[in-house]
Amino acid sequence: MKTVVIYTSQTGFTKRYAEWIAKRMNADILDLKEAKKKPDSFFDGYDAIVYGGWCMAGKVAKCGWFLGKVSAWQGKRLAIFAVGCSPDGTPEVAAAMKQLLTDEQRKYIKAFYCQGGINYDRMSFPYRMAMKMFAGSLKNKKNATAKDKEMGEFIAQNHDLADIRFIEPVVAYLEEKKNPAS
Ligand SMILES: Cc1cc2nc3c(=O)[nH]c(=O)nc-3n(C[C@H](O)[C@H](O)[C@H](O)COP(=O)(O)O)c2cc1C
């Protein structure tokens, strides 16, 4: 199965996941900027297309390009993965994943969440400010719960919780088509 992994990453976590998936699948890998320059016919040769983007305010960064193309790619294996700092299994992640795809898209695209982290050193200034303000607002808000404070502390600092085990469901999904008899 010929696979291409397309990603957009600001601080490196999504890129790392894209590289892990591409390596495991022996797939091609493209930064979204490169992918956008390709003619539509370029993607005809792929059986599977995977898009990865980082989570931004409950959305997946720049997923519009991929989601704008998918209806024409319904005969292919399609997956999208979101990389965020929120711990997997939290209601925030569930809500973000729920609103990522329409009911129609869910019939032919599978969505996955991969926990990344925070790297303030590689973040652009406006995003660094936005995250610091969000962290501060959680910690200092009136009637902040212990959970709010804990989350505020968690996102105020650099951390790296990316783990290759998060690619397993993505790979399994892609492999399913690769070996339809198994
Ligand atoms: C402005 C901004 C908003 C963010 N919003 C979310 C969010 O809603 N949910 C989440 O889990 N992570 C959020 N994050 C954290 C990033 O998704 C996280 O740092 C991710 O690992 C970055 O991936 P990258 O290294 O590929 O850029 C946000 C980060 C920034 C800068």
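Residues numbered from 1 in each chain as written. Predicted model: local features only at pLDDT ≥ 70, side-chain atom pairs only at ≥ 80, totals over all residues.

Looking at the overall build of the protein chain
For the protein chain, the count of helices and strands is eight helices and eight strands. Relative to the compact-globule value of 16 Å for 182 residues, the protein chain shows a C-alpha radius of gyration of 17 Å, a close match. Its C-alpha atoms give the protein chain principal-axis dimensions of roughly 55 × 35 × 30 Å. Per-residue burial for the protein chain yields a buried fraction of 31% across its 182 residues. Long-range pairs, those at least 24 residues apart, make up 73% of the contacts in the protein chain between residues at least 6 apart in sequence. (Helix = DSSP H or I, 4+ residues; strand = E, 2+ residues; numbered from the N terminus. Rg over C-alpha atoms; globule rule 2.2 N^0.38 Å. Buried ≥ 20, exposed ≤ 12 C-beta atoms within 10 Å, placed from the backbone. Contact = placed C-beta atoms within 7 Å.)

Regarding the domain arrangement of the protein chain
When cut into domains, the protein chain gives domain 1 (3-119 + 159-178) and domain 2 (121-157). Each of domain 1 and domain 2 has a C-alpha centre, and these two points are 26 Å apart. Contact residues are listed per partner, giving seven residues for domain 1 and seven residues for domain 2. In the side of domain 1 that touches domain 2, the residues fall into two nonpolar, five polar and no charged. (Domains from an automatic or database assignment. Nonpolar A, V, L, I, M, F, W, Y, C, P; charged D, E, K, R; others polar.)

A few points about the site of the ligand
As a matter of local geometry, the ligand sits amid 22 residues, with Ser9, Thr14, Trp54, Gly84 and Gly116 nearest to it. Of all elements in the fold, only helix H1 (13-25), strand E3 (48-56), strand E5 (77-84), strand E7 (117-118) and helix H6 (125-140) reach the threshold of two or more residues within the shell around the ligand. Residues of the shell around the ligand, tallied by class, amount to 12 nonpolar, 10 polar and no charged. When residues are assigned to domains, the shell around the ligand turns out to be shared by domain 1 (3-119 + 159-178) and domain 2 (121-157), each giving three or more. (Near = placed C-beta within 6 Å.)

A look at the nonpolar core
Counting 39 residues, the largest nonpolar core has Val5, Tyr17, Ile21, Val50, Ala79, Ile80 and Phe81 as its most contacted members. Secondary structure elements with two or more residues in this core: strand E1 (3-7), H1, helix H2 (32-37), E3, E5, helix H4 (91-100), strand E6 (109-115) and helix H8 (168-178). Not counting residues within four places of it along the chain, the set of residues in contact with Ile80 comprises Tyr51, Val60, Cys63, Phe66, Leu100, Ile109 and Ala111. (Core = buried A, V, L, I, M, F, W, Y, C linked by C-beta atoms within 7 Å.)

Thoughts on H1
End to end, H1 covers 18 Å across 13 residues, agreeing with the expected 18 Å (1.5 Å per residue, within 8%). Among all positions of H1, only Phe13, Thr14, Arg16, Tyr17, Ala18, Ile21 and Met25 are buried. Asn26 sits one or two residues past H1 and shows a positive phi near 55 degrees. (Expected span 1.5 Å × (residues − 1).)

Examining the environment of Phe125
Mapped onto the elements, Phe125 comes out in helix H6. According to the C-beta neighbour criterion, Phe125 is exposed, with 7 such atoms within 10 Å. Sequence separation of Phe125 and Pro91 is 34 residues, and the distance between their C-alpha atoms is 28 Å.

A short note on the environment of Asp88
Along the chain, Asp88 turns up in the loop between E5 and H4. For the pair Asp88 and Leu30, spaced 58 residues apart in sequence, the C-alpha separation works out to 26 Å. Every residue in contact with Asp88, bar those within four places of it in the chain, is listed here: Val93, Tyr113 and Gln115.

Looking at the pairing of E1
Counting buried residues along E1, five of its five residues qualify, which places the element largely inside the surrounding structure. Along E1, one buried face is formed by Thr3, Val5 and Tyr7 and the opposite face, lined by Val4 and Ile6, is buried too. Note: E1 against E3, five bridges, orientation parallel. Considered in E3, the bridge of Tyr7 is made with Gly52. Bridge count for E1 against strand E2 (residues 28-31) is four bridges, and the pairing is parallel. In the sheet register, Val4 faces E2, and the bridge partner there is Asp28. (Pairing = 2+ DSSP bridges.)

Observations regarding the pairing of E5
With eight of eight residues buried, E5 is to be regarded as a mostly interior element. With burial as the criterion, each face of E5 is covered, one bearing Arg77, Ala79, Phe81 and Val83 and the other bearing Leu78, Ile80, Ala82 and Gly84. Taken together, the seven bridges between E3 and E5 define a ladder with parallel strand orientation. Counterpart to Val50 in the pairing with E5 is Ala79.

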